[in-house]
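# Coordinate analysis (summary)
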Amino acid sequence: MPKPSPRKSAGRATAKLTQPRLLADENTSHRLISGCRRLVAPFPIVHIAEWQDGSWLGLDDAALLMSCAEAGLVLVAFDRATLPWHAGQVLRAGQNHGGLVLFRRSVRSTHYGHQARLLTEFWADEGHAWDWLNRVVYLPKSTSAS
Amino acid sequence: MSTAYVSGRVPARYERLVARQARAARTSKSDLVARYVIEKSLETEFPGISFRDSLSGREAYLTGHRVAVWEVLAVREETMSVEKTVSHFRWPRVLVARALAYAKAFPEEIRRSRDGETDTAQAPG
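Thresholds, definitions, all that
Residues numbered from 1 in each chain as written. Chains lettered and ligands numbered in written order. Predicted model: local features only at pLDDT ≥ 70, side-chain atom pairs only at ≥ 80, totals over all residues. Heavy atoms only, no water. Helix = DSSP H or I, 4+ residues; strand = E, 2+ residues; numbered from the N terminus. Areas by Shrake-Rupley, 256 points an atom, 1.4 Å probe, with all protein chains shown as cover. Buried < 20%, exposed > 50% of the residue type's maximum accessible area, 1.4 Å probe, protein only. Contact = heavy atoms within 4.5 Å. Salt bridge = Lys/Arg side-chain N within 4 Å of Asp/Glu carboxyl O. Buried area = accessible area lost by both parts, 1.4 Å probe. Polar contact = N/O pair within 3.5 Å; in protein donor to acceptor, adjacent residues only side chain to side chain. Nonpolar A, V, L, I, M, F, W, Y, C, P; charged D, E, K, R; others polar. Pairing = 2+ DSSP bridges. Axes fitted to C-alpha atoms, helices over the stretch in contact; angles between N-to-C directions. Arc of directions from axis to C-beta.

Time to look at the overall build of chain A. A tally of regular secondary structure across chain A gives five helices and five strands. In the structure as shown, chain A presents an accessible area of about 7500 Å², 52% of it carried by carbon and sulfur atoms.

Pasting the structure below:
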């Protein structure tokens, strides 16, 4: 069997590296995505408006959470009370969600650089290796022992 | 708030449908009909605005999107600029304008939605 050309192998490796693991919800800005990619290239995040041609924009919370589980995506959003509540509802209904990363309310919606640093550092240090099914994490992480 | 009486006749199948939905929502048929009248009339008055369930009750949001009206207002207040709000969401300007128009018309409702979503106790790590 002929060896794969180095060029093609490199292409496959890049595609694997850039396979999205994180889906940024619509209340985050595209600037978070570009901020993450400026810090870590390639960073495995995609904005919901860019994912599946934007067809997930119309999903309600529960449907989005379950779709993320099926696609192996962790949802990144701002901490609004209803989203984790819906995540709990999904679990109580015997379904799974793909994991949630929520920016705490102390993180301002427009502090894109701060959000990008929090997310890329957490992902590099811990998040990339986790089993995310039904897991919820708040950023910045609590400084108190839990 | 003062209230007024609204009535109308509908084909029987819709009465049965509303009655079933009221039972599912654990509310009365008249309360559900009142909600439908209010929300549909507002959706007609403010094109592009719809309503959905949230922890603080029914919440106005942008039709076809996942963003609540109060979230658009919050970004507008942070940026102090409509243009920067448009850039934040990367939406057509008209969407931001619609959200802000609704927020201006119903400031108390929007404040309640915002408080309900953001004023609860801080989450653990």
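And the narrative resumes.
Residues and elements named next belong to chain A. Along the chain, the position of Arg-135 falls in the loop between helix 5 (112-125) and strand 5 (136-139). With a relative accessible area of 35%, Arg-135 lands in the partly exposed category. Spatially, the C-alpha atoms of Arg-135 and Gly-98 are 7.5 Å apart, while their sequence positions differ by 37 residues. Setting aside anything within four residues of it in sequence, one finds Arg-135 in contact with His-97, Gly-99, Leu-100 and Trp-130.

Glancing now at the pattern of salt bridges. Inspection of the entire model under this criterion finds 17 salt bridges over all chains. Asp-25 of chain A is paired through a salt bridge with Arg-66 of chain B; the nearest N and O atoms lie 2.7 Å apart. In this pair, Asp-25 of chain A is assigned in the loop between strand 1 (22-24) and helix 2 (30-39) and Arg-66 of chain B in the loop between strand 2 (57-62) and helix 3 (69-79), connecting two distinct chains. Of the two residues, Asp-25 of chain A and Arg-66 of chain B, neither departs from the other in class, the shared state being buried. Two residues, Glu-83 of chain B and Arg-93 of chain B, come together in a salt bridge whose shortest N-O distance is 1.9 Å. Of this pair, Glu-83 of chain B sits in helix 4 (residues 82-89) while Arg-93 of chain B sits in helix 5 (residues 93-105), and the two are 10 residues apart along the sequence. On the basis of relative accessible area, Arg-93 of chain B is assigned to the partly exposed category, the value being 47%. Where salt bridges share partners, they join Arg-35, Glu-39, Asp-53 and Arg-58 of chain B into one cluster.

On the chain A side, the residues contacting the 26 residues of chain B number 31 residues. Interface area, chain B with chain A, both sides summed: about 2400 Å², of which 44% is carbon and sulfur. Residues Arg-66 of chain B and Asp-61 of chain A are paired through a salt bridge, measuring 2.8 Å at the closest nitrogen-oxygen approach. Counting across the chain B and chain A interface gives 17 residue pairs in polar contact (both at pLDDT 80 or more). Counting only elements with at least two residues in the side of chain B that touches chain A, the list comes to strand 1 (49-54), helix 3, helix 4 and helix 6 (107-118) of chain B. The leading source of residues in the side of chain B that touches chain A is helix 3 of chain B, at five residues. Residue composition of the side of chain B that touches chain A, grouped by class: nine nonpolar, 11 polar and six charged.

Further remarks concern the sheet that holds strand 3 (residues 74-78) of chain A. Residues and elements named next belong to chain A. Within the open sheet, the five strands sit side by side as 2-1-3-4-5. Their pairing is parallel. A strand with exactly one partner marks an edge of an open sheet, and here the two such strands are strand 2 (45-47) and strand 5. Each adjacent strand pair in this sheet contributes to an overall mean axis angle of 25°, direction not counted. On the sheet, helix 4 (residues 82-92) packs against strand 3, strand 4 (100-103) and strand 5 and is oriented at approximately 160° with respect to strand 4. Strands strand 1, strand 2, strand 3, strand 4 and strand 5 of the sheet are contacted by helix 5, whose axis makes an angle of about 145° with strand 4.

Residues and elements named next belong to chain A. Three or more residues of helix 3 (residues 61-71) are buried, namely Asp-61, Leu-64, Leu-65, Ser-67 and Cys-68. Projection of helix 3 onto a plane perpendicular to its axis shows the buried side chains occupying an angular sector of 165°, all on one side. Buried residues along helix 3 sit in contact with strand 1, strand 3, helix 4 and strand 4. The backbone nitrogen of Ala-62 lies 3.3 Å from a side-chain oxygen of the residue at the head of helix 3, namely Asp-60.

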